[in-house]
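# Residue-level structure breakdown
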Amino acid sequence: MSLLFAPPRARRLPLTALLTILALPTPHAWADETSASAPAPLPLAGTAETSSAPVAPAPAADTAAPRPSLPCASPLLDAVLAAHERLCHAGTCVPEDLAVLDAAVDFLKTCAARQSAAPAVDIADPTPSSQPSQSTRPMTRASRSRWIFPVSRMRPVDSMGGPDGKGYLKNRRVKCYATARAGHPAHDLFVRDRRQSGRDRQGRAFEALAVEAGYVMSVKRGWTEDGGAGGNYLLLYLPARNWVAYYAHMASISVEVGQRVEAGESLGVIGRSGRNAKQSRSPTHLHFAIWNPENNWMPLDPYSLLRNAKTIGD
Ligand SMILES: [Zn+2]
């Protein structure tokens, strides 16, 4: 572990100072918003742009599905998208932006622990039961398990770019956060589509799946052709490992910030959004990266987890 990648975390601001910067209420105020009674969905950044976005139609389930429960929604997470855009796509390193991401992870870690500790509640019968339900299953480090491959119906051996995981190129020049200005600290996971349609021979789209249980930390919708490299993307916090997963080049995203997802749950449809991903030279793929907040948000290589992941979908 290089000392270069583990600087003292001097950027960490007192939470009260951060909230002042963000003009957010105090933790006491937003703690109420994360209780078992789900708050109304937060307004989504980029919502106004979605109608003009060149993305595939969202699955019918998007509109037919009931409104998701958002157990870890918070105004704190609203600040993540702008901070991430500056750090990852504009390439500017502002300590306050890293502090926003740190605060978001701290918040989600606490929320996940609280969710795990809460007694299970049956929606039809809101009396706490003695058995933990799937939605409140503890997500501790002890619950780490084999991953679900993040592309539906694709086997790792057929999907992962580069032989033996060589698609992951360590970024030796990272000075701040996970910018990919040199190297490619991620895996590209390809689909088998026809004429770059994003669909297989049966006309079925490929879904991006949660590799393990997590909480949606940020969602970027409304990418346009002059937009950023990541296209439509989402950040998924994984409490069992305290990592953050980055899913980029999505066509559509069907989850909301603060939502809990289970391992294998669909996050949306894989597409071709993103400055390079839209080019015809680029086969349709999911750009999948893992960042470690405990190591200054440096990317890490999840090759063995992906290679041994279980494929689901038929
Ligand atoms: Zn990539």
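Residues numbered from 1 in each chain as written. Predicted model: local features only at pLDDT ≥ 70, side-chain atom pairs only at ≥ 80, totals over all residues.

Check the secondary structure of the protein chain and you find eight helices and nine strands. For the protein chain, long-range pairs separated by at least 24 residues make up 71% of all intrachain contacts whose partners lie at least 6 apart in sequence. (Helix = DSSP H or I, 4+ residues; strand = E, 2+ residues; numbered from the N terminus. Contact = placed C-beta atoms within 7 Å.)

What follows concerns the confidence of the model for the protein chain. Mean pLDDT over the protein chain works out to 76, with 66% of the residues at or above the 70 mark. Low pLDDT (under 50) marks residues 120–136, which in the prediction has 17 contacts with non-local residues, meaning those over four places away or in another chain. (pLDDT = per-residue confidence, 0-100.)

Most of strand β8 (residues 285–292) is tucked away, with seven of its eight residues classed as buried. In this sheet, β8 lies alongside strand β1 (residues 187–190) in antiparallel orientation, the contact comprising four bridges. Paired with histidine 187 across the strands is phenylalanine 288, a residue of β8. As judged from the five bridges shared by strand β5 (residues 243–253) and β8, these two strands associate in the antiparallel manner. For tyrosine 246, the partnering residue across the bridge sits in β8 and is alanine 289. (Buried ≥ 20, exposed ≤ 12 C-beta atoms within 10 Å, placed from the backbone. Pairing = 2+ DSSP bridges.)

Backbone geometry places glutamine 196, a non-glycine residue, at a positive phi of 55°. By secondary structure assignment, the location of glutamine 196 is in the loop between β1 and β2 (207–209). On the neighbour-count criterion, glutamine 196 (15 C-beta atoms within 10 Å) is partly exposed. With a phi close to 75°, histidine 249 is a non-glycine residue in the positive phi region.

The next thing to look at is the environment of tryptophan 223. Within the secondary structure layout, tryptophan 223 lies in the loop between β3 (214–220) and β4 (232–238). C-alpha of tryptophan 223 to C-alpha of tyrosine 233: the two residues are ten residues apart in sequence and 9.0 Å apart in space.

The next subject is the pairing of β3. Counting buried residues in β3 gives seven out of seven residues, a clear majority hidden from the surface. Relative to strand β6 (residues 260–261), β3 runs antiparallel, the two being bridged by two bridges. Across the sheet, tyrosine 215 pairs through a bridge with arginine 260, a residue of β6.

For lysine 310, the location among the structural elements is in the segment after α8 (303–307). Among the residues examined, lysine 310 registers 14 C-beta atoms within 10 Å and is labelled partly exposed. Along the backbone, lysine 310 and arginine 153 are 157 residues apart, and their C-alpha atoms lie at a distance of 9.8 Å.

Counting 74 residues, the largest nonpolar core has Ala104, Met217 and Tyr247 as the members making the most contacts within it. Looking at this core element by element, the count peaks at eleven residues for helix α6 (residues 95–117). What tyrosine 247 contacts, discounting residues up to four positions off in sequence, is Pro150, Ala208, Tyr233, Leu234, Leu236, Leu267, Leu286 and Phe288. (Core = buried A, V, L, I, M, F, W, Y, C linked by C-beta atoms within 7 Å.)

This paragraph deals with the environment of isoleucine 270. Locating isoleucine 270 in the fold gives a position in strand β7 (residues 266–270). Residues isoleucine 270 and methionine 250 lie 20 residues apart in sequence; the distance between their C-alpha atoms is 4.4 Å. In this view, isoleucine 270 contacts Val151, Val191, Gly198, Phe206, Glu207, Ala208, His249, Met250, Ala251, Thr284 and Leu286; residues no more than four positions away in its chain are not counted.

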